[in-house]
Amino acid sequence: MKKALLSLLAAGLLSSALAAPVKLQSLPVTLEPNARLLTLSDAGIAKAFPSAAGRPDAVFLTEDRKVTVAFEWREGKLAPAQVADLVTQFPAVIRAQVPNVKTLRANLVQMGGTPWAQFIFTTPGQGDDVRRELLVTSLQGRTLVVTIAARTADYSRNETVVRNLVNSVRVS
């Protein structure tokens, strides 16, 4: 993965994020990235995620390229009232689909006045556990998923930058 990200940077498929609020092209979402984040271009996203199924609409990387924050607006329907239900229903789905889940926490959180279902789970990795966080909300009746992925230690080193980005998300 590290070599792929370095080749993407060399190919000009990564760019530095701006500090001003940014409207994501294909999503009705505004956020405030900062200079410590890189933005994967559309070509970079296509290269990093070759299968169109499940390809994120926007991807940000920490400057050390060890934490990814991906935004995916899925076709699946999700009503705003159903977001809270995900907190109790979705952990079983994660455990069924993700092998060797070590820890799993599910919460309902508010970001920008919008309720989000938050799932944080770890799986064993080589030398360090892999940490994934899924944030799910309803956006225009569809499902918006923000996925944060990193090794546990890498996430800890970059947590402030990632949390600032995630907390700046505003859905419209």
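Our structure's up above, just so we're on the same page.
Since this is a predicted model, take the numbers as computed values, not measurements.

Q: Could you give an account of the overall build of the protein, with specific residues and numbers?
A: From N to C terminus, the protein includes four helices and 11 strands. For the protein, buried positions account for 43% of its 172 residues. The long-range fraction of contacts in the protein, counting pairs at least 24 apart against all pairs at least 6 apart in sequence, stands at 50%. Accessible surface computed for the protein: about 8,800 Å², of which carbon and sulfur atoms make up 54%.

Q: An account of helix H4 (residues 152-167) is needed here, citing residue identities and associated values.
A: For H4, which comprises 16 residues, the first-to-last C-alpha distance of 20 Å sits more than 12% below the rise-based estimate of 22 Å (1.5 Å per residue). In H4, a bend of some 70° at asparagine 158 exceeds every other bend along the element. Of all the positions in H4, only Asp154, Tyr155, Asn158, Val161, Val162, Arg163, Leu165 and Val166 are classed as buried.

Q: Give me the pairing of strand S7 (residues 103-111): which residues, what numbers.
A: Examined bridge by bridge, S7 and strand S8 (residues 114-123) share nine bridges and lie antiparallel to one another. Residue pairing for S8: asparagine 107 is matched across the bridge by glutamine 118. Where S7 hands over to S8, the hairpin turn is made up of two residues, of which glycine 112 adopts a positive phi near 60°.

Q: Describe the nonpolar core, with residues and values.
A: One finds Leu24, Val29, Leu31, Val69, Phe71 and Ile148 to be the most contacted residues of the largest nonpolar core, which totals 25 residues. Elements supplying a minimum of two residues to this core: strand S3 (29-31), strand S5 (58-62), strand S6 (68-77), strand S9 (130-139), strand S10 (142-151) and H4. When sequence neighbours within four positions are dropped, the list of residues in contact with leucine 24 reads Val29, Leu31, Ala58, Phe60 and Phe71. Among the nonpolar cores identified, the runner-up in size contains 13 residues, and Val87, Ala117, Phe121 and Leu134 belong to it.

Rules behind the numbers
- Residues numbered from 1 in each chain as written.
- Predicted model: local features only at pLDDT ≥ 70, side-chain atom pairs only at ≥ 80, totals over all residues.
- Heavy atoms only, no water.
- Helix = DSSP H or I, 4+ residues; strand = E, 2+ residues; numbered from the N terminus.
- Buried < 20%, exposed > 50% of the residue type's maximum accessible area, 1.4 Å probe, protein only.
- Contact = heavy atoms within 4.5 Å.
- Areas by Shrake-Rupley, 256 points an atom, 1.4 Å probe, with all protein chains shown as cover.
- Expected span 1.5 Å × (residues − 1).
- Bend = angle between axes of the 7 residues up to and from the residue.
- Pairing = 2+ DSSP bridges.
- Core = buried A, V, L, I, M, F, W, Y, C linked by side-chain atoms within 4.5 Å.

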